[in-house]
Amino acid sequence: MKTRLVKNLLVGAVLSGALASFNANADLIGGVEFPQGAVSFADAVVSYSPTAGPTVPHQGAFNALGVPNYNNINSCASQAACSFVSLGQGGSIVLRFVDNILTGSGSAAADLWIFEVGPDVEKTFVDVSTDGILWSSVGFVGGATAGVDLDAYGFGIASSFAYVRLTDDATVGGGGGSTPGADIDAVGAISTRRIDVPEPGTLALLGIGLAGLFRVRRKS
Ligand SMILES: [Ca+2]
Ligand SMILES: [Ca+2]
Ligand SMILES: [Ca+2]
């Protein structure tokens, strides 16, 4: 009995170690857990259409890419010194995932997270697309809600979206100032698949670990 307990503990330790290394990219980013880490975030700007424009320093669309880096500076001296992009009243931005694909989760958990920053939380409509041509609305973010559950809109783990479009709600918030409309710092896919193929070495090691586990189980 004792021997079996020790074995089970050992197996548990080995297995959790294997899973931990397999999921080494999991990370808490901007207070949100992204199981795939930094790769989860939008990689490219497809288009940026600010209406009733923000000032030039707040029009750096590239500031919506990558991991969130908001530094509490709401009035930027330049695009390079800015951590976000302002959409303008009713403006929009289309972002693309290149090394990852946004999916559903098969549960009500949030699949997509919009990092909207600044003193005013502004309502922003969210659409997703597989090809950048046909779009599906997945509601809006605003208030305390920054996460979007794709499954609530009929999608699931087999769904694949490379594009996200954010559109500021022109009817909410003032149009004045240097940063009108929603201010976007980052867009991350919590439920995501990497595009690149896993390294064969990683899978082989995991396979060896599992084979060992079954051998131990059979002996006990
Ligand atoms: Ca990415
Ligand atoms: Ca979900
Ligand atoms: Ca940013």
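In what follows, the structure referred to is the one given above.
Everything in this summary refers to the structure shown in the same document. Source: prediction; values computed, not measured.

Here the focus is the coordination of the calcium ion (ligand 1). Surrounding the calcium ion (ligand 1) are the protein donor atoms Val39 (O), Phe41 (O), Asp43 (OD), Asp43 (OD), Asp99 (OD) and Asn100 (OD1), at 2.3 to 2.5 Å. Each of the 6 donor atoms bound to the calcium ion (ligand 1) contributes to angles spanning 52 to 169 degrees, and the resulting shape is irregular. Written as a sequence motif, the donor arrangement for the calcium ion (ligand 1) is V-x1-F-x1-D-x55-D-N. In this pair, Asp43 sits in the loop between strand 2 (32-34) and strand 3 (44-49) while Asn100 sits in strand 6 (residues 100-102), placing the two residues 57 residues apart along the sequence. For Asp43, a relative accessible area of 30% gives the class partly exposed.

Looking now at the pattern of salt bridges. Tallied over the entire structure, the rule returns 2 salt bridges. Its salt-bridge partner being Asp169, residue Lys123 comes within 3.7 Å of it at the nearest N-O pair. Taken together, the residues Lys123 in the loop between strand 7 (112-116) and strand 8 (124-129) and Asp169 in the loop between strand 11 (163-168) and strand 12 (183-189) connect sequence positions 46 residues apart. Classification of Lys123 by relative accessible area gives partly exposed; the value is 26%. One salt bridge in this structure joins Arg165 and Asp127, with 3.4 Å as the shortest N-O distance. Of this pair, Arg165 sits in strand 11 while Asp127 sits in strand 8, placing them 38 residues apart in sequence. Judged by its relative accessible area of 25%, Arg165 falls in the partly exposed class. Under the relative-accessibility criterion, Asp127 is labelled buried at 11%.

Our focus in this paragraph is the nonpolar core. Leu112 and Val187 are the most contacted members of the largest nonpolar core, which has 25 residues in total. Looking at this core, the elements with two or more residues in it are strand 5 (92-96), strand 7, strand 8, strand 9 (136-141), strand 11 and strand 12. Element by element, the count of residues in this core is highest for strand 12, at 3 residues. Setting aside anything within four residues of it in sequence, one finds Leu112 in contact with Phe97, Leu102, Val126, Val128, Ala146, Gly147, Val148, Val164, Val187, Gly188, Ala189 and Ile190. One finds Ile29, Phe41, Phe115 and Ala186 within the second-largest nonpolar core, a separate group that totals 7 residues.

Reading the values: the criteria
Numbering of residues starts from 1 in each chain and follows the order in which that chain's sequence is written. Numbering of ligands from 1 and lettering of chains from A proceed in the order in which they are written. It should be noted that, the model being predicted, local features are given only for residues of pLDDT at least 70 and side-chain atom pairs only at 80 or more, the latter also being counted only at that level, while totals for whole chains, interfaces and linings use all residues. Only heavy atoms go into the side-chain values, all of them from the structure, while hydrogens and water stay out. Nitrogen, oxygen and sulfur within 2.8 Å of a metal are treated as its donors, or within 3.2 Å for sodium, potassium and calcium (Na, K, Ca); water is not counted, so a site can appear incomplete. Here a site with four donors is tetrahedral if all angles are between 85 and 135 degrees, and a site with four or six donors is square planar or octahedral if opposite donors are over 155 degrees apart and the other angles are between 65 and 115; anything else gets the irregular label. Runs of E in the DSSP output that reach at least two residues are strands. Runs of H or I that reach at least four are helices, and both are numbered from the N terminus. Remark: exposure states derive from per-residue accessible area (1.4 Å probe, protein chains only) relative to the maximum for the residue type, with buried under 20%, exposed over 50%, and partly exposed in between. By convention in these notes, a salt bridge is any Lys or Arg side-chain nitrogen within 4 Å of a carboxyl oxygen on Asp or Glu. The term nonpolar core refers to a set of buried residues drawn from Ala, Val, Leu, Ile, Met, Phe, Trp, Tyr and Cys, joined through side-chain atoms within 4.5 Å. A contact between two residues is defined here by any heavy atoms of the two lying within 4.5 Å.

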